[in-house]
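Here is what each chain is made of, one letter per residue.
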Amino acid sequence: MIPDLPPLPALTRAEAELIDRYLDVVDLVGRINPARPGDTYRGLRAAQALVAEATALRDALALMHRRGESEVHAPTLAQALRVLDGERRAARVTIPPATGS
């Protein structure tokens with residue numbers, strides 16, 4: 001049985017788009033991470049897709065700015081990232097701990 005996830009906090013459409021695009025970029029950077037196992041083709045494909053996703057992320061932020069959403073409400077957005085498994089997804093971007101001594 002899958003545990004119930006906490007509900008997403010109330011977000012504007014622009015904030016939701018920001019979160020979605022940010023996680024897309026994080027996922028791609030995690031696939032490109034040279035400290036993680038994988039093949040070069042997978043990294044190449046992720047790097048190619050990163051250009052489009054970074055543009056979408058920029059556009060989400062520009063939309064927020066145009067709509068007068070000038071503040072990033074970090075606690076609310078962090079809660080949304082946690083609900084959407086952002087901590088695990090972002091961990092793929094970091095260098096894994098060294099094994100052995």
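Keep in mind that this is a model prediction, so the values were computed, not measured. (Residues numbered from 1 in each chain as written. Predicted model: local features only at pLDDT ≥ 70, side-chain atom pairs only at ≥ 80, totals over all residues. Heavy atoms only, no water.)

Peer 1: Looking at this model, I keep getting lost on the nonpolar core. Mind explaining?
Peer 2: The tendency in soluble globular proteins is for nonpolar side chains to be buried side by side. Core analysis: the largest hydrophobic core is formed by 10 residues, namely Ala14, Leu18, Ile19, Leu23, Val25, Leu57, Ala60, Met64, Leu77 and Ala80. A per-element tally of this core places helix H1 (residues 13-32) first, with 5 residues. Other than its neighbours up to four places away in sequence, leucine 18 contacts Leu57, Ala60, Leu61, Met64 and Leu77. (Core = buried A, V, L, I, M, F, W, Y, C linked by side-chain atoms within 4.5 Å. Buried < 20%, exposed > 50% of the residue type's maximum accessible area, 1.4 Å probe, protein only. Helix = DSSP H or I, 4+ residues; strand = E, 2+ residues; numbered from the N terminus. Contact = heavy atoms within 4.5 Å.)

Peer 1: Just to check I follow, could you spell out the environment of alanine 10 for this structure?
Peer 2: Here alanine 10 is to be found in the segment before H1. With relative accessibility at 75%, the residue alanine 10 sits in the exposed group. The spacing of alanine 10 and isoleucine 95 is 85 residues in sequence and 33 Å in space, taken between C-alpha atoms. Apart from residues no more than four positions distant in its own chain, alanine 10 is found in contact with Glu15 and Thr76.

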